[in-house]
Amino acid sequence: MTEDKSRSDQSRRIVFTGASGGIGTMTRPLLARLYPGLVLSDRVEPKDLQPGETFVKADLTRPDEVAAAVKGAHSVIHLGGHSVEGGWDQILNANIIGCYNLFEEARKAGVKRVIFASSNHAVGFYPRRCKIGTDVTVRPDSRYGVSKAFGEALGALYADKHGLIVTCLRIGNVGPRPLDARRLSIWISPEDIVQLFRIGLEHPDIRYDILYGVSDNAASWWDNSRARQLGYRPAGKAEDHRAHAEAEQAKIGPDPVGDLFQGGTFTSAEFTNDVKRAGP
Ligand code: 15L
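Calculation notes
Residues numbered from 1 in each chain as written. Predicted model: local features only at pLDDT ≥ 70, side-chain atom pairs only at ≥ 80, totals over all residues. Heavy atoms only, no water. Helix = DSSP H or I, 4+ residues; strand = E, 2+ residues; numbered from the N terminus. Buried < 20%, exposed > 50% of the residue type's maximum accessible area, 1.4 Å probe, protein only. Contact = heavy atoms within 4.5 Å. Areas by Shrake-Rupley, 256 points an atom, 1.4 Å probe, with all protein chains shown as cover. Lys, Arg positive; Asp, Glu negative; His and termini not counted. Charge placed at Lys NZ, Arg CZ, Asp CG, Glu CD. 1 Å grid on protein atoms, 1.4 Å probe; cavity = no way out; pocket = protein on both sides within 12 Å on 5 of 7 lines; lining within 4 Å. Points joined across faces, edges and corners; volume = space filled by probe spheres on them. Nonpolar A, V, L, I, M, F, W, Y, C, P; charged D, E, K, R; others polar. Pairing = 2+ DSSP bridges. Right-handed = clockwise from strand over helix to strand, strands pointing away. Near = heavy atom within 4 Å. Polar contact = N/O pair within 3.5 Å; in protein donor to acceptor, adjacent residues only side chain to side chain. Expected span 1.5 Å × (residues − 1). Bend = angle between axes of the 7 residues up to and from the residue.

Go over the overall build of the chain with me, naming the residues and quoting the values.
In terms of regular secondary structure, the chain is built from nine helices and nine strands. Principal axes of the C-alpha set define a box for the chain whose edges measure 50 × 40 × 35 Å. With 280 residues in all, the chain has 51% of them scored as buried. Pairs at least 24 apart in sequence give 66% of the contacts found in the chain among residues at least 6 apart. Counting only carbon and sulfur atoms, one obtains 52% of the accessible surface of the chain, whose full area is about 12,700 Å². Treating the 36 positive side-chain charges of the chain as one cloud and the 34 negative ones as another, the clouds have centres 2 Å apart.

Just give me the short version of the environment of P204, but keep the residues and values in it.
With respect to the helices, strands and loops of the structure, P204 is situated in the loop between α6 (190-202) and β9 (208-213). Separated by 161 residues in sequence, P204 and R43 have C-alpha atoms that sit 32 Å apart.

Now, about the layout of surface pockets: what can you tell me, with residues and values included?
Space inside the largest pocket adds up to approximately 880 Å³. Along the wall of the largest pocket there are 41 residues; nearest its centre are L79, G81, H82, S83 and V84. Residue assignment for the lining of the largest pocket shows that the elements contributing at least two residues are α1 (22-34), β2 (39-42), α3 (88-108), β5 (113-119), α4 (143-162), β7 (173-174) and α5 (181-186). When its residues are assigned to classes, the lining of the largest pocket shows 14 nonpolar, 20 polar and seven charged. What the second largest pocket holds in volume is close to 240 Å³. Along the walls of the second largest pocket sit 15 residues, with D180, R182, Q249, D259 and T265 positioned nearest its centre. Sorting the residues of the lining of the second largest pocket by element identifies α5 and α9 (265-268) as the ones contributing at least two each. Here the element with the most residues in the lining of the second largest pocket is α5; it accounts for three residues. In terms of residue class, the lining of the second largest pocket is built from three nonpolar, six polar and six charged.

Could you give me a rundown of the pairing of strand β4 (residues 75-78), with the residues and numbers involved?
On β4, burial covers both faces: S75 and I77 on one face and V76 and H78 on the other are all buried. Both strand β1 (residues 14-17) and β4 contribute to a ladder of four bridges, which runs parallel. From the neighbouring strand, I14 faces β4, where its bridge partner is S75. In this sheet, β5 lies alongside β4 in parallel orientation, the contact comprising four bridges. Within β5, the residue paired with H78 across the bridge is F116. Of the crossover connections in this fold, the one passing from β4 over α3 to the parallel β5 is right-handed.

How would you sum up the site of the ligand? Please name residues and give values.
All residues adjacent to the ligand are S83, V84, S119, N120, H121, Y144, G172, N173, R182, R183, I186 and F266. Contact between the ligand and Y144: an oxygen atom at 2.7 Å from a side-chain N or O atom of the residue. At 2.6 Å, a side-chain N or O of R182 approaches an oxygen atom of the ligand. For the ligand, the accessible surface in isolation is 320 Å², of which the surrounding protein chains cover 82%.

Which residues make up α3, and what are the values?
Across its 21 residues, α3 extends 28 Å between first and last C-alpha, which sits within 8% of the 30 Å expected from 1.5 Å per residue. Considering bend angle alone, the principal kink of α3 is centred on G98 and spans about 35°. Within α3 the residues assigned to the buried category are I91, N95, I96, G98, C99, N101, L102, F103, E104, E105 and A106. Turning to α3, the residues buried within the fold contact β1, α2 (63-70), β4, β5, α4 and β6 (165-171).

What follows is the structure in structure tokens.
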């Protein structure tokens, strides 16, 4: 990757929404080493705010609060919102209205780059036997997945219409190791996702891109060649943790629908279809 010469320039303010959530908590210390002076935002302040980090409280449903959070920012890493399936009101407010407020207030504030935390659940109804690229039709597996497809579409609009540089990361599952058999395909380490954040923050060739947030997993269902082209060199390998993941899987009962599709339990929840009629 081409090094952005002004990475250490303090005027390149980076705002990190959803900073108190799971991914935020795992990646903040790694990001802080690369980008000192991060501006953290969330509805609740992180318990362990570090010297050099600033916190701006913002509810994504409040445009005024979002505007205050992104004021003066060069880039935004947008992890904020509801991070699993939820009721319609919850998804509508946090992930649809909240995402709109984020892009719109970022545009008004002159933000140059946005990294949007999309999810594998935007394409969760692809069968596990398929290998998919980033250009497939979205097949969301939940209201949550629909909100992530919405965010990807919104990112494309702001990139094409307003010139924002937008990177959508279809994140698998971030953590120290894969939690079960499904996560052997979609796991990503905190270090690897920070590598993708960095590409989104710095790479000169991005205008609008969708990349998979996945480590170097032998069982991956995704073609992530665009990420590789942009310099992504994941170090994590899910296979190194196979024994643990299989042991955890053995504790979980079979899911006749979820086991067929990439989105797992997100596909089987509330499912009323004939399984042969689901997915492409
Ligand atoms: C996600 O998008 C969620 O944010 C996370 O909590 C996990 O459920 C993950 O997907 C997954 O699919 O494992």
